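So you can see what is in the structure, the chains are spelled out below.
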Amino acid sequence: MSERLAIEPLTREAFAPFGDVIECRADSIRMINGGTTERHHALARPEVVGEGASVILNIFRGQPRRFPYSLDMMERHPLGSQSFSPLSGRPYLVVVSPDEDGRPGRPRVFLAGAHQGVNYHRNVWHHPLMALGTVCDFLIADREGPGNNLEEFFFDNPYEIEEPTP
Ligand SMILES: NC(=O)N[C@@H](O)C(=O)O
Ligand code: NI
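What counts, and at which threshold
- Residues numbered from 1 in each chain as written.
- Chains lettered and ligands numbered in written order.
- Predicted model: local features only at pLDDT ≥ 70, side-chain atom pairs only at ≥ 80, totals over all residues.
- Heavy atoms only, no water.
- Helix = DSSP H or I, 4+ residues; strand = E, 2+ residues; numbered from the N terminus.
- Rg over C-alpha atoms; globule rule 2.2 N^0.38 Å.
- Buried < 20%, exposed > 50% of the residue type's maximum accessible area, 1.4 Å probe, protein only.
- Areas by Shrake-Rupley, 256 points an atom, 1.4 Å probe, with all protein chains shown as cover.
- Donors = N, O, S within 2.8 Å, 3.2 Å for Na, K, Ca; no water.
- Tetrahedral: all angles 85-135°; square planar, octahedral: opposite > 155°, others 65-115°.
- pLDDT = per-residue confidence, 0-100.
- Pairing = 2+ DSSP bridges.
- Axes fitted to C-alpha atoms, helices over the stretch in contact; angles between N-to-C directions.

## Comments concerning the overall build of the chain
Stage number 1. Secondary structure assignment for the chain yields one helix and 17 strands.
Stage number 2. Taking 2.2 N^0.38 as the reference for a compact globule, 166 residues should give roughly 15 Å; the C-alpha atoms of the chain span a radius of gyration of 16 Å, in line with that estimate.
Stage number 3. Projected onto the principal axes, the alpha-carbon positions of the chain cover approximately 60 × 45 × 30 Å.
Stage number 4. Buried residues in the chain amount to 41% of all 166 residues.
Stage number 5. Total accessible area on the chain is roughly 9000 Å²; 49% of this is exposed by carbon and sulfur atoms.

Here's what the structure looks like:
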């Protein structure tokens, strides 16, 4: 019997140990363009390390996950951060874990709204993209460059995630 993981609402505070939430905030506003535009400034800072590395922008077109979902692995990117910003107007799941002696600890599952992006800090354990309901596009900022930027870990006992209730 797999251990079921609860789904939490995504908040800046709860996600802080793992990265940034990219969403409009009253304290991030800078009025620009003659007062016609709110600039929500520096909500996250992409990070890449290593000679010849650069930050790139990508679009991921994700297939929806099926539920109940068996969470059997996590990954991390030791050489760079990775951000996901939804482009399709739908919520999605974000799954992260603390590091425990080089392996992911108990995962935490967050339900992200269509107005919320996330930026995983460098080397933070997370599950690959989890789109919900239909094919969804996401704008991704992550790293291109030399070296291996992907570490995966497979659990001996997968966890289970139930379908999120809307
Ligand atoms: N492989 C890849 O670029 N995607 C993953 O890193 C992910 O977090 O979805
Ligand atoms: Ni990733």
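## Some details on the coordination of the nickel ion (ligand 2)
Stage number 1. Around the nickel ion (ligand 2), the protein contributes the donor atoms Glu75 (OE), His77 (NE2), Gln82 (OE1) and His126 (NE2), which lie 2.1 to 2.2 Å from the metal centre.
Stage number 2. Geometry at the nickel ion (ligand 2) is octahedral, judged from its six donor atoms and the angles of 78 to 177° they form at the metal.
Stage number 3. Read N to C, the donor residues that coordinate the nickel ion (ligand 2) are spaced as E-x1-H-x4-Q-x43-H. Per residue, the accessibility class of Glu75 equals that of His77, and both read buried.

## Describing the confidence of the model for the chain
Stage number 1. Of all residues in the chain, 99% have pLDDT values of 70 or greater, and the mean over the chain is 97.
Stage number 2. For this predicted complex, the interface score ipTM comes out at 0.94, alongside a pTM of 0.97.

## Some thoughts on the sheet that holds strand 6 (residues 54-62)
Stage number 1. Pairing in this open sheet of five strands is antiparallel, and the strands run 3-13-8-16-6 from one edge to the other. Edge positions in the sheet fall to strand 3 (19-22) and strand 6, since each of these pairs with one other strand and no more. Taking each pair of neighbouring strands and ignoring which way they run, the sheet shows an average axis angle of 15°.
Stage number 2. Bridge count between strand 6 and strand 16 (residues 136-144): nine bridges; the pairing is antiparallel. The partner of Val55 across the bridge, within strand 16, is Arg143.

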